[in-house]
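Topology and contacts: notes
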Amino acid sequence: MFEPLTKFIGPLGEIQKPGVWRSELYDENGNVAELVIPYIDYCDTIKQFVAAVEKFNEDFPQFHMLKYMAELKAKHIYWDVDAMKVPDATRLSDRTVLSLLMGMVRGEYFCAGVIEEYVTERHVIRWLERLKYLDEFRYKREANKKARGENGVDQSGAR
């Protein structure tokens, strides 16, 4: 289920330079046209990952990713750059991890460089690895249910 996101584990882990800080816009001749608030022009991998997070939100509305602040607050994780660096991602639910991802993406709107920080410090990788684990666990659980359903009934018909 989370493969559209977890497929970025390798590519995000290989990034050496997430992006380039910019503070100007250029005209068609390459001259500085105007100064702007500094922002990061992220590499293609990060741009694709952000687009994948937003698309996942559209494709799976049952996770309510746009309610990320409420989900994080319920888990005593505040929507803050440092507070979201959860020490143990291995204990988080899929919905909480998705809320962290959406919180990171939305945080970039208000604080340039947030995504860079989470990528370079490997927090995003830990979150994605958690989603991958949950996918694998879910797959194994479903396979076991199928196996029990086919072979789980004894001769008397009792379970």
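Criteria and cut-off values
- Along every chain, residues carry numbers that run from 1 in the direction the sequence is written.
- Totals for whole chains, interfaces and linings use all residues, but because this is a predicted model, local features are given only for residues with pLDDT of at least 70 and pairs of side-chain atoms are given and counted only at 80 or more.
- Only heavy atoms go into the side-chain values, all of them from the structure, while hydrogens and water stay out.
- Two strands make a pair as long as DSSP finds a minimum of two bridges between them.
- Helix and strand definitions here come from DSSP, where helices need a minimum of 4 consecutive H or I residues and strands a minimum of 2 consecutive E residues; each element is numbered from the N-terminal end.
- Only protein chains enter the accessibility calculation, which uses a 1.4 Å probe. A residue is then buried if its area is under 20% of the maximum for its type, exposed if over 50%, and partly exposed in between.
- Here, a salt bridge means any Lys or Arg side-chain nitrogen found within 4 Å of an Asp or Glu carboxyl oxygen.
- As used here, the term nonpolar core means buried Ala, Val, Leu, Ile, Met, Phe, Trp, Tyr and Cys residues forming a set that is joined through side-chain atoms within 4.5 Å.
- Whether two residues are in contact is decided by their heavy atoms: any pair within 4.5 Å suffices.

Right, let's talk about the pairing of strand S2 (residues 32-42) for a bit. Every regular strand shows the same layout, with side chains that alternate between the two sheet faces. In this structure, strand S1 (residues 19-26) lies alongside S2, joined through 7 bridges in antiparallel fashion. In the sheet register, tryptophan 21 faces S2, and the bridge partner there is isoleucine 40.

So, on to the environment of glutamate 14. Relative to the elements of secondary structure, glutamate 14 occurs in the loop between helix H2 (9-13) and S1. Judged by relative accessible area, which is 61%, glutamate 14 ranks as exposed. Sequence separation between glutamate 14 and threonine 45 is 31 residues; the distance between their C-alpha atoms is 9.9 Å.

Take the pattern of salt bridges next. Going through the model one piece at a time under the given rule, you end up with 8 salt bridges. The partner of lysine 85 in a salt bridge is glutamate 117, and the shortest N-O contact between them spans 2.4 Å. Of this pair, lysine 85 sits in the loop between helix H4 (68-74) and helix H5 (94-110) while glutamate 117 is found in helix H6 (residues 114-120), placing the two residues 32 residues apart along the sequence. The shortest N-O distance in the salt bridge between lysine 85 and glutamate 121 comes to 2.9 Å. With lysine 85 in the loop between H4 and H5 and glutamate 121 in the loop between H6 and helix H7 (123-151), this pair connects stretches of sequence that are 36 residues apart. Overall, the relative accessible area of 39% leaves glutamate 121 in the partly exposed class.

In this section: the nonpolar core. Membership of the largest hydrophobic core comes to 39 residues, with the highest contact counts inside it found for Leu101 and Met104. Every element with two or more residues in this core is listed here: H2, S2, helix H3 (44-59), H4, H5, H6 and H7. When residues in this core are grouped by element, the largest group, 7 residues, is from H5. Ignoring anything within four residues of it in the chain, the contact list for methionine 104 reads Phe49, Met84, Val114, Ile115, Tyr118, Val124 and Trp127.

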